[in-house]
There are 2 protein chains.
Amino acid sequence: MDDTRPRPAWVREGRKPRVVIVGGGFGGLHAARALSRDDVELLVLDRTNHHLFQPLLYQVATATLPPSDITAPIRWLLRKQRNTSVLMTEVQSIDVHRRIVTADNGARKIPYDFLIVAAGARHAYFGHPEWETVAPGLKSIRDALTLRNRILTAFEQAELTEDPLEQQAWLTFVLVGGGPTGVELAGMIPTIAQQSMPREFRRIASLQARVVLLEGGPKVLGSYPDSLSRQARTDLIALGVDVRTGAMVTNVAPGEVRVGADETIHTHTVIWAAGNAASPLGASIGAPRDRAGRVIVARDLSVPDHPEIFVIGDMAYVASPDGMEVPSVAPAAMQMGRHAATNIRRTLEARPPLPFAYSNKGDLATIGRHRAIADLGRVRLSGSIAWWFWLFLHILYLAGFRNRLSVLIQWAYSYFTYERGARLITDTGNATTPNTSSVRGT
Amino acid sequence: MDDTRPRPAWVREGRKPRVVIVGGGFGGLHAARALSRDDVELLVLDRTNHHLFQPLLYQVATATLPPSDITAPIRWLLRKQRNTSVLMTEVQSIDVHRRIVTADNGARKIPYDFLIVAAGARHAYFGHPEWETVAPGLKSIRDALTLRNRILTAFEQAELTEDPLEQQAWLTFVLVGGGPTGVELAGMIPTIAQQSMPREFRRIASLQARVVLLEGGPKVLGSYPDSLSRQARTDLIALGVDVRTGAMVTNVAPGEVRVGADETIHTHTVIWAAGNAASPLGASIGAPRDRAGRVIVARDLSVPDHPEIFVIGDMAYVASPDGMEVPSVAPAAMQMGRHAATNIRRTLEARPPLPFAYSNKGDLATIGRHRAIADLGRVRLSGSIAWWFWLFLHILYLAGFRNRLSVLIQWAYSYFTYERGARLITDTGNATTPNTSSVRGT
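Residues numbered from 1 in each chain as written. Chains lettered and ligands numbered in written order. Predicted model: local features only at pLDDT ≥ 70, side-chain atom pairs only at ≥ 80, totals over all residues.

(A) Seen up close, the environment of A:G28. All names here are of chain A. Residue placement: G28 occurs in helix α2 (residues 26-34). Measuring from C-alpha to C-alpha, the distance between G28 and S382 comes to 32 Å, with 354 residues separating the pair along the chain. If we ignore the near neighbours within four places in the chain, the residues touching G28 are I21, G23, V44, I116, A118 and G337. (Helix = DSSP H or I, 4+ residues; strand = E, 2+ residues; numbered from the N terminus. Contact = placed C-beta atoms within 7 Å.)

(B) Region of the structure containing the sheet that holds strand β14 (residues 249-253) of chain A. All names here are of chain A. The antiparallel open sheet is built from three strands, whose spatial order is β14-β15-β16. In the strand order of this sheet, the two ends are held by β14 and β16 (263-266), each with one partner. Each strand axis lies, on average, 20 degrees off the axis of its neighbour in the sheet, ignoring direction. Sheet topology note: the β14/strand β15 (residues 256-259) ladder contains four bridges and is antiparallel. By the bridge assignment, V252 is partnered in β15 with V257. (Pairing = 2+ DSSP bridges. Axes fitted to C-alpha atoms, helices over the stretch in contact; angles between N-to-C directions.)

(C) Structural context of the domain arrangement of chain A. Each assigned domain of chain A is listed here: domain 1 (9-47 + 89-123 + 276-348) and domain 2 (129-274 + 363-429). When each unit is reduced to the centre of its C-alpha atoms, the spacing between domain 1 of chain A and domain 2 of chain A is 32 Å. (Domains from an automatic or database assignment.)

(D) The nonpolar core, seen in detail. One finds A:L175, A:V176, A:L213, B:L175, B:V176 and B:L213 to be the most contacted residues of the largest nonpolar core, which totals 148 residues. Ignoring anything within four residues of it in the chain, the contact list for A:L213 reads A:L175, A:G178, A:G182, A:A186, A:V220, A:L236, A:V241, A:D242, A:V243 and A:R244. (Core = buried A, V, L, I, M, F, W, Y, C linked by C-beta atoms within 7 Å. Buried ≥ 20, exposed ≤ 12 C-beta atoms within 10 Å, placed from the backbone.)

(E) Highlighting the packing of α2(A) against helix α9 (residues 330-348) of chain A. Residue and element names in this part refer to chain A. With their axes 7 Å apart at the nearest point, α2 and α9 run at an angle of 35 degrees to one another. Our pair here, α2 against α9, has a crossing hand that is right-handed. Along its contact with α2, which presents F26, G27, G28, L29, H30, A31 and A34, the element α9 presents A330, A333, M334, M336, G337, R338, A340, A341 and T342. Looking at the contact of α2 with α9, its residues break down into 10 nonpolar, five polar and one charged. (Left-handed = near helix turned anticlockwise from the far one by under 90°. Nonpolar A, V, L, I, M, F, W, Y, C, P; charged D, E, K, R; others polar.)

(F) The pairing of strand β23 (residues 363-367) of chain A, seen in detail. Residue and element names in this part refer to chain A. Among the five residues that make up β23, five are buried, leaving the element largely enclosed by the rest of the structure. By the alternation rule, side chains of β23 split into D363, A365 and I367 and L364 and T366, which are all buried. In this structure, β23 lies alongside strand β24 (residues 371-376), joined through five bridges in antiparallel fashion. Bridge pairing in β24 places A365 opposite I373.

(G) Structural detail: unusual backbone geometry. All names here are of chain B. Here N105, not a glycine, exhibits a phi torsion of approximately 50 degrees, which is positive. Mapped onto the secondary structure, N105 falls in the loop between β7 (100-103) and β8 (108-111). Residue N105 is classed as exposed on the basis of its C-beta count, with 9 C-beta atoms lying within 10 Å. The phi dihedral of A350 falls on the positive side, at around 60 degrees, and the residue is not glycine. Secondary-structure assignment places A350 in the loop between α9 (330-348) and β23 (363-367).

(H) Focus on the environment of A:P218. All names here are of chain A. Counting through the fold element by element, P218 comes out in the loop between β12 (210-214) and α8 (226-238). As a C-alpha pair, P218 and T245 span 27 residues in sequence and 5.4 Å in three-dimensional space. Not counting residues up to four positions away in its chain, the partners in contact with P218 are T245 and G246.

Now the structure itself:
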């Protein structure tokens, strides 16, 4: 604390300091929870009404779980915090000089004394935003429903079509990006095909679905240890996935994906899992940002020259004390949220803020429905042991916001029975129905 | 059978007769099941991929159940019928002379030997189609999600607003139509308010939500016996619903509903549950239709001059032997579906078709979460006994297409815990977000 500064506004005005949190994801939610007993006025803003358990989003996209299994209303999660209000509103910009957040296209102005910005990231298309309509990504429930509609509709279109080449294009699924999201999606699609095609379809019952995973780098799960990365590749190949490393996507257009200079894959379903761009909200803060648009924060997670603003989660670039970059994963966001809360408390107590240190508890990824890989530092697991470990951890977390026993029963039911209701095509509008020109008459 | 007619096409061409069913609702599904062992080629067409348990749709609209609890893929339901194919395609017209169904805007032409038309109904706006954007109805999962988004968003907007008049308008819910759908929706909304407002909201915690049910006729549930209709009214009033009979809606516009000549109700949430219009597909058959657009079918459910075409369910107008009109309810559609299947079988066996006779097993409606009324002919129930009876019947039916024990556990869980995940606002696009002009800054 700089003791020569004037008394803070809330002291002069005889009120509680107001902490505004933008975003109800892992970072924002855990910051809010950490401040539940502090003598502040806490305001959580999110454009949706729900917190999303993002690590299981790929299971909604692949019609394994319904959205209701992995979401909970933010205001329900924070209902017991009497110092907290939740508002469903979309923040567009931050005026760091007047200390005001602007939302709902300028209609709403919300003042703050402390601000935690945790608005996450969207997918990035390497300078080709036009690819997005053909190759949607996976960040929100809405994205997951779009992917679910596209994947399920592809099987329906394959069944409708009598042209063998068109059928194969509808049964070809291309995933761009070999990180955890790409690997997890790629591992689930063969299951959909194996579960439903031979039993429920007539014309395509004898055909094979083709899943292609395109990774530009030399290996899948590039940030994992080599042994686990190799195991993931082996597991994917065992599921029938065509794993292609060193495969650069050079064009995405309706009906096709181009790889390198001279290969074209005919497909009607392309899913983008490569590259992130931080929320554009970071730009209005006026601090330096990295290439992915992340705000480069100080060691205490605050913005240079603005000790009252913290940027956390996927929006923040923060170097660990060991020089390693903090990864864009849920545990890191949760830790940053709690740390920002601690530093606000310390500031209010006139104590200096503490630097953030990321504690990596390990990395996990599932491959298909019964295998996973886990890197827990000293221990590395793969196969079904890793999968049970993954299941245990995720149920433990989900149980944190839903009733413990019933969540176990219900979730296990949905997962193991391959819940049929989740195979729901909800939108037959323009966004998800493929163009009919490629569909022939019966 | 008219023995002077030429031999049927399938006999001349040495193939199986082709039965095409348009619509996978209660009528179409039960017709398909009834033909599972017949020596025919059966084709079921639906524009969605799922069968919908429509009697529980109001529970999705009121965020009590997730969509996955009341849907199942049509092709999964019919997977064991080796004579049956399912195609997801939207039928636009029927050429009764060439015996061809046209789908996907003319791109697909599907010939038939026998046709069962079961495309259902949409809501009708008494000559005011412009009311639909303000006052959506409830027929499909998509409709239910639209209503769910609107109802949940209304509470969020009330919390955002500081103007007391605007808050009350956001907390006022108007239902137009006092039939079973209107009564069931009206009974659920007070529960949402009571469950979530005092615990989770801060600014509107002390306010009251207002639910108004407008019925043009002299009583709610007009087709039920007087004693049950009166009981339903009493139960609704006990839940806090403002029940208004003899209340004609004269205008619906953004922000208001006009009743009669001189009353205006300020509201941002109007739900339409009055009036049905049969699918426009009936028009292309060329047979006489009633005012609601239903095809007036012969006693055997076939279309005059077209013994190979049957129209069933909400699309058909059929008089019972006792002169009573067959109601537009799920049991009637199921019975008609089975009956049309029987008459196709009889035609193939050169036996004369049988007239349809509706067997009314009773009428049921729920009021709120723990009360119902039941008219079983000799027995009339109300209160919680009727509700348990209703629950038993519906679980029995749902169990028909899902695993018996697990559906009981899961469904009861969702219902009794007021499943939080189902309170999901999935769409913040134009269709569901109210105009911001009525929302003030914080």
